[in-house]
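Chain by chain, the residues run as shown.
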Amino acid sequence: MIRLTRGEKIFTIFNHCFLIFLMILMLYPVWYIFMGSFSDATRAQQGGFFLIPAGFSLDAFKAVLTNVSLLSGFKTTLITTVIGTIIGTFLSAGMAYALSKNRLRGQFILSFIVLFTMLFNGGMVPTYLLVKNLGLLNSYWALILPNAIGAWNIFVMMSFFRGIPRDLEESAKIDGANDLTVFFRIVLPISKPVLVTIGLFLAVMYWDDFFSTILYITDKSMWQLQAVLNDVITNTSEAMMKQGVSVSYQQNVSKFTIQMASIVVATIPILIVYPFVQKHFVKGAMIGSIKG
Amino acid sequence: MEPTTKQSLSVPVKPKSSIWKDIVRDKYLYLLLLPGMILLIIFKYIPMYGVIIAFKDYNILLGITKSAWVGFEQFEKLFRTPDFLQVLWNTLLISLYKLVAGFTLPIILSLLLNEVRKIGFKRVTQSIIYLPHFISWVVFAGIITTFLNPVDGLVNYILQLFGHEAIDFLGNSHYFRSVLVSTEVYKTVGWGTIIYLAAISGVNPELYEAAIMDGANKFRQMWHVTLPAIRPVIIILVILSLGSILEAGFQQIYLLYSPLVYDVGDVIDTYVYREGILNANYSFATAAGLFKSMIALILIVTANRIAKRFGQSGLW
Amino acid sequence: MKRKILFSMLLVLIMILSTACSSKETSNESDSDSGTVKISMTLGQGPKTPNSWAQQQLESIMSEKTGKKIKLDPIFLPTTDQNSKVNLLMSAKDTMPDILWWNSSMQPEFNDWTKAGVLQDWTPLLQKEGKSILNSYSKDDIFYAWDDKSEKLYRFPDDISEPGTMTTVIRKDWLDNLGLDVPKTYDEYLNVLRAFTKDDPDGNGKNDTYGLGGEYYWRAFAPFFYSHGVDVENWLKQDDGTLKFGAVMPQVKDVLKDLQELYKEGVINPKMTTEANAKVDEEYANGKVGSLYYWVASANPNYSPGQSFKAKNPKGEYLQIDPIIGPDGFASDVPSGTPWCYLSITQHDQHPDITMQLLNEMNTPDTMQLITFGEEGKDYNLKDGAADPLISPAEKDKKGIGTYWYMTRKDKANLDNTTAVNKLFAEREKTSQPMRDKIVYIKALDRPAWDDYSGDLNKLRDQTFWAIITGKKPVSAFDDFVKQWYKMGGDKVEKETNDLYKDQQKQRDKFDDWYKKNIEPYK
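So, how was this worked out
Residues numbered from 1 in each chain as written. Chains lettered and ligands numbered in written order. Predicted model: local features only at pLDDT ≥ 70, side-chain atom pairs only at ≥ 80, totals over all residues. Helix = DSSP H or I, 4+ residues; strand = E, 2+ residues; numbered from the N terminus. Rg over C-alpha atoms; globule rule 2.2 N^0.38 Å. Buried ≥ 20, exposed ≤ 12 C-beta atoms within 10 Å, placed from the backbone. Contact = placed C-beta atoms within 7 Å. Pairing = 2+ DSSP bridges. Axes fitted to C-alpha atoms, helices over the stretch in contact; angles between N-to-C directions. Nonpolar A, V, L, I, M, F, W, Y, C, P; charged D, E, K, R; others polar. UniProt positions renumbered as here; feature names shortened; annotations may be inferred. Domains from an automatic or database assignment. Parallel < 35°, antiparallel > 145°, perpendicular 65-115°, else oblique. Core = buried A, V, L, I, M, F, W, Y, C linked by C-beta atoms within 7 Å. pLDDT = per-residue confidence, 0-100. Left-handed = near helix turned anticlockwise from the far one by under 90°. Right-handed = clockwise from strand over helix to strand, strands pointing away. Expected span 1.5 Å × (residues − 1).

## Quick notes on the overall build of chain B
- Along chain B, the regular secondary structure elements total 16 helices and two strands.
- Over its C-alpha atoms chain B spans a radius of gyration of 25 Å, topping by over 25% the 20 Å that the globule rule assigns to 316 residues.
- Considered along the principal axes of its C-alpha atoms, chain B spans approximately 80 × 70 × 30 Å.
- Here chain B, with 316 residues, has 41% of them falling under the buried criterion.

## Description of the overall build of chain A
- What chain A contains, in helices and strands, is 17 helices and zero strands.
- Residue burial in chain A is summarised as follows: out of 292 residues, 51% are buried.
- Put simply, of all contacts in chain A between residues at least 6 apart along the chain, 72% involve residues at least 24 apart.

## Some points on the sheet that holds strand β5 (residues 166-171) of chain C
Residue and element names in this part refer to chain C.
- Spatially, the four strands line up as an open sheet ordered β6-β9-β5-β10, and their pairing is mixed. Either end of the sheet is taken by a strand with one partner, and the two such strands are β6 (210-212) and β10 (318-321). Across the sheet, the mean angle separating the axes of adjacent strands is 30° when strand polarity is ignored.
- Two strands pair when backbone bridges link them, and β6 and strand β9 (residues 289-295) are joined in this way by two bridges, in the parallel orientation.

## Observations concerning the interface of chain B and chain C
- Chain B puts 27 residues into the contact, and the matching count from chain C is 29 residues.
- Breaking the side of chain B that touches chain C down by element, the ones donating at least two residues are α8 (137-148), α13 (250-256) and α15 (268-277) of chain B.
- In terms of residue count, the dominant contributor to the side of chain B that touches chain C is α8 of chain B (three residues).
- Of the residues that constitute the side of chain B that touches chain C, the class distribution is 16 nonpolar, eight polar and three charged.

## What about the interface of chain B and chain A?
- Listed by partner, the interface residues are 73 residues for chain B and 80 residues for chain A.
- Counting only elements with at least two residues in the side of chain B that touches chain A, the list comes to α2 (15-25), α3 (27-45), α7 (119-129), α8, α10 (173-200), α11 (205-213), α12 (218-241) and α16 (282-309) of chain B.
- Residue contributions to the side of chain B that touches chain A peak at twelve residues, all from α3 of chain B.
- Looking at the side of chain B that touches chain A residue by residue, the class counts come to 50 nonpolar, 16 polar and seven charged.

## A closer look at the UniProt feature "transmembrane region" (unreviewed entry) in chain B
All names here are of chain B.
- The positions UniProt marks with the feature "transmembrane region" (unreviewed entry) are residues 28-46, 95-116, 128-148, 189-208, 229-250 and 282-303.
- Across residues 128-148, helical content stands at 67% and strand content at 0%; the span's end C-alpha atoms are separated by 23 Å.
- Along residues 189-208 the backbone is 80% helical and 0% strand, and the end-to-end C-alpha distance reaches 26 Å.

## Some thoughts on the domain arrangement of chain B
Residues and elements named next belong to chain B.
- Per the domain assignment, the segments making up chain B are domain 1 (2-69) and domain 2 (73-309).
- Taking only C-alpha atoms into account, the centre of domain 1 sits 33 Å from that of domain 2.
- Taken together, the contact between domain 1 and domain 2 spans six residues of the former and six residues of the latter.

## Comments concerning the packing of helix α5 (residues 107-119) of chain A against helix α8 (residues 151-162) of chain A
All names here are of chain A.
- Contact geometry for α5 and α8: axes closest at 8 Å, N-to-C directions at 135°. Taken together, the axis directions place α5 and α8 in an arrangement best described as oblique. Only A151, W152 and I154 of α8 make contact with α5, whose side of the interface consists of V114, L115, T117 and M118.

## So, the environment of L130 of chain A
- Tracing the backbone shows L130 of chain A in helix α6 (residues 124-133).
- According to the C-beta neighbour criterion, L130 of chain A is partly exposed, with 17 such atoms within 10 Å.
- Considered as a pair, L130 of chain A and Q224 of chain A are 94 residues apart in the sequence and their alpha carbons are 20 Å apart.
- For L130 of chain A, the residues in contact, after removing those within four places along its chain, are I46 and P47 of chain B.

## With respect to the environment of N103 of chain C
All names here are of chain C.
- Take N103: it is sitting in strand β3 (residues 99-103).
- For N103, a count of 20 C-beta atoms within 10 Å corresponds to the buried category.
- The spacing of N103 and P270 is 167 residues in sequence and 32 Å in space, taken between C-alpha atoms.

## Description of the nonpolar core
- M95, I154 and M157 of chain A together with I236 of chain B are the most contacted members of the largest nonpolar core, which totals 275 residues.
- Each residue touching M95 of chain A, except ones within four places of it in the same chain, is listed here: I154 of chain A together with L32, L33, G36 and M37 of chain B.

## Section: the domain arrangement of chain A
Residue and element names in this part refer to chain A.
- Domain annotation of chain A identifies domain 1 (6-60) and domain 2 (62-291).
- Across the contact, eleven residues belong to domain 1 and eleven residues belong to domain 2.
- Sorting the residues of the side of domain 1 that touches domain 2 by element identifies α1 (6-37), α2 (41-44) and α3 (59-65) as the ones contributing at least two each.
- For the side of domain 1 that touches domain 2, the element with the most residues is α1, which contributes four residues.

## Here's the deal with the confidence of the model for chain A
Residues and elements named next belong to chain A.
- Per-residue pLDDT for chain A averages 86, and the proportion of residues at 70 or more is 88%.
- Ranking the elements of chain A by mean pLDDT puts helix α17 (residues 285-291) last with 45 and helix α7 (residues 140-148) first with 95.
- Note on residues 287-292: pLDDT under 50 across the span, and six contacts to partners over four residues away in sequence or across chains.

## Quick word on the UniProt feature "transmembrane region" (unreviewed entry) in chain A
All names here are of chain A.
- Here, UniProt's "transmembrane region" (unreviewed entry) annotation points to residues 12-34, 78-99, 108-128, 140-161, 182-207 and 256-277.
- Taken end to end, residues 12-34 comprises 100% helix and 0% strand; its first and last C-alpha atoms sit 32 Å apart.
- Between the C-alpha atoms that bound residues 140-161 the distance is 31 Å, and the span itself is 91% helix and 0% strand.

## Side note on unusual backbone geometry
- Within the chain, N138 of chain A stands out as a residue other than glycine whose phi angle is a positive 55°.
- Structurally, the position occupied by N138 of chain A is in the loop between α6 and α7.
- A positive phi is found at E151 of chain C, a non-glycine position, where the angle reads about 55°.
- Tracing the sequence through the fold places E151 of chain C in the loop between α7 (139-145) and β4 (156-157).
- For E151 of chain C, a count of 15 C-beta atoms within 10 Å corresponds to the partly exposed category.

## Side note on the packing of helix α11 (residues 192-208) of chain A against α10 of chain B
- Between α11 of chain A and α10 of chain B, the least distance of the axes is 9 Å, while the angle of their chain directions is 165°. One finds that α11 of chain A runs roughly antiparallel with respect to α10 of chain B. In the crossing of α11 of chain A with α10 of chain B, the sense of the turn from one axis to the other is left-handed. Of the residues in α10 of chain B, those touching α11 of chain A at P193, V194, T197 and L200 of chain A are I194, I195 and A198 of chain B.
- Taken together, the residues of the contact of α11 of chain A with α10 of chain B break down into six nonpolar, one polar and no charged.

## Looking at the pairing of strand β1 (residues 36-43) of chain C
All names here are of chain C.
- Judged from the eight bridges that link them, β1 and strand β2 (residues 69-76) form a sheet pairing that is parallel. Its bridge partner being in β2, K38 is matched across the sheet by K71.
- Traced from β1 through helix α2 (residues 53-66) to β2, the parallel crossover comes out right-handed.

## Section: the sheet that holds strand β7 (residues 235-237) of chain C
Residue and element names in this part refer to chain C.
- The three strands are arranged β8-β7-β14 in an open sheet whose pairing can be described as antiparallel. Edge positions in the open sheet fall to β8 (243-245) and β14 (439-440), since each of these has one partner strand only.
- Most of the contacts of helix α21 (residues 477-518) go to β8, to which it runs at about 140°, and overall it touches β7, β8 and β14.

## A few points about the confidence of the model for chain B
Residue and element names in this part refer to chain B.
- For chain B, mean pLDDT is 85; residues scoring 70 or higher make up 92% of the total.
- The least confident element of chain B is helix α1 (residues 2-10), whose mean pLDDT is 42; the most confident is α3, at 94.
- Confidence drops under a pLDDT of 50 for residues 1-11, and excluding neighbours within four residues, the segment shows seven contacts in the predicted structure.

## What about α8 of chain A?
- Between its first and last C-alpha, α8 of chain A extends 17 Å over twelve residues, near the 16 Å set by a 1.5 Å rise per residue.
- Among the twelve residues that make up α8 of chain A, nine are buried, leaving the element largely enclosed by the rest of the structure.
- Within the sequence span of α8 of chain A, burial applies to A151, N153, I154, F155, V156, M157, M158, S159 and F160 of chain A.
- Against α4 (68-99), α5 and α11 of chain A together with α10 and α12 of chain B lie the buried residues of α8 of chain A.

See the structure below:
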């Protein structure tokens, strides 16, 4: 073990204290939602700040877990997230690897084509008509394919691939490997940190997506989880008041506790993913796998 | 690139066949590029004809092609509005603040996290600070108003304990932008560390060992080993974030602002929302979007040039 | 490794191609086959449960009535970006629903649909199948939906609010504690609000109460503006017969002056200025404000913020009072505006007769009660004339009760309200009449000047008025506002609106003839 200097010791203590403070600060909203979901609906209506549930009730969870649409939304989102993340990660990695090679003819133009999609889009209606003409409305592919490739992900991956020591690839080439073999055998295995990071970003994007439902889905049993959830959260008297909805419908709004319970149920699964990603952030992961 | 150019200078080969040769040589790279490119071209480029509605008086049923051309009328309308300069200034200022805070703080935080030796503590911290990212703005805005309101909000309660007068953070032009920036940072800083932590994990441990041998303390290691190692990622992220320089965060502002802070909080997106969408003026909304994209494109390309001039690897 | 990945990529590609083909098949089968009539419809509110009990009930009632197999195909619209979804559905002929429900904020789009001829005229259908509907909608309701150029009905108001849905509410127990009478005039009302703030009406020894609370919108100040005969969001008839936008009328200045004073004295809850997420229900439940402009329906015993209020303040009581009488003796409640949503029948509909039969059926008291409240004795019991639910809200949602709410009635068939509340609604219809006589809603859909300038003008109004109320600007800023308003395009808007108003008065005569010929005989 290396001895710490006095300055470093003070720094370590300060650092720990700061991070603990930050954790408490960051935890509160989540705690608030969690406690809200266990609250009694009548008491929670009064709002305000709370540390423990305002009254205790499991009614909200009962209501949420028997909600048919939430369950079907779960299925849709799970399928699209898994397939979308796999397709998205591998296709982006392939593109990023190819584009990271300066020797590639047309590299500038091709990169620019990718960048351009980050800034310009044709808008909702043309995209809708395209998906409709492809016959993809109300299908999982409509939720997966349009979002699979993101320029941001590709450029971030490119910068990682550029950091791979060149002699690694070169020695493999001398052994007679082609670019495909190099990519699958050498580049991908040592790029685990960036692959899981981009994979995580894609997974979270697919998990959080609700706009694709608005665009491409009419069948309620195909709604994404977040679309169902968003409907529960925004179905408040406030939203209705803005639209001028007449009072009799305003009584059908979802209660605060049900909103909170829905968020808890819909968010926990994606939170579980992170620890698996973290595992790959071990210092020197890249070098380690090269040696091994 | 270099060897081929030299070759073509020394040996007179037909340039066409040399391109072909390069393509054949890199055929597997093109193969890797192909599936993603196909998806991009289908789902992003084919619908792109839609941007022409910025130059048309768009009627949804006539369709894009049959709607009447109006030239730059929509853009003129955008620039002619009495508050346009104010709105543009607000947008730039808010997004610039967010950009600066949003890229420095995650880097600092990931450096701090990197210094934590206890793996368990580190993992728990990471997992918790990225939680706010998952709370939607609708819910988060509700929490913010509860906390910041001048009557019984917790923040004002604490201020009053210290003998300070209650502040209407959301209704006061002096504080509103700070509230926007700090809540944005709060929500995204933990999430922002992920990419840097991934980059840091790629740093060769031998470099640290060498630095320690040279007697470098922690700060020097950060400065001389960690930061240079993640510099390419930082540069890429900064360049890319310029693409959103005119996106000040529609949802957040829309949920938090009020007439009292229109002077500092009204941005292009909220303005267009009130103006375009409420009056079903899609051409106007598209024109505003196109204006933002053009500015972003210019900034990104310029920033990329600058990065390359300073010998850094840019986007391409 | 390499082979595995290549293989899986190939698999993915095959899957993409295969689903692309298969989903094409499913979209083709939407056409009606073997005598089954399929009716698709967009639905934007209520529980969005597919294949629910309510849907089956409605299908079987309709099958019995028509002798054909009826299948409903509900398209549930998301709450956010609802208009986007409607627009997309309408952008291609084959994805249009048979019955289109749309929010009144989509009038510009409706204008486009009409011009493109994708909507069907309701008149012949109503004459043939719409008796119940014709009997429950008033002449005025139909006027605003009527297209004057073609003399056709391309839309029909779906849900008509009660004529007056809001009322001034005041804390009865606070009045009693302080020995005050129910305020009738404007001055009395201001005094009560001040006493509610300063005299510790709840007797807890803390200075934690406010006189006035409410939401963020201008109607929250109705007791102030309306008692002065102005509405800052609408066009009002002037003595000379022309129209003027309420916000620029001189009376507004007096009201703003009073509001500025009240704000300074701490009578107005400061939350009111910024809470864009109108937490008015929360405020009502907490009971820290003495008066609000609030829903008539809040007087129902099952109103949930009211229940929450009772739980926290067992002795508390809200009283719904008559509108405050202003300095000139004028008093009015807020009248409900034009309908907030409409229905249209698109050209996609191949069997409009059956569609109209369905809509008419949903308007009959028995069917409406069945699908919006369930079965009596099983899902609810009648209590004071209102439905007292026997099942939980979650069960209600699951059965789809309340999903099919087209053409709902607002008479006593509506079991939402107790007899007492229905009586209060009837009173508010009368007390909102004075302002109803003053406000003019412009029916025309082509309003280029309004579309161009209204956004900026309203921003200017909101900014200035709030700045005055909170004391950031002096009351005299109102005069500059009026000048500025006209300079920023208000003059053009005012002229356009007056022209349209004149035209609208002429239209009315034409409409009366049409109504006599096409509607009255079919009632």
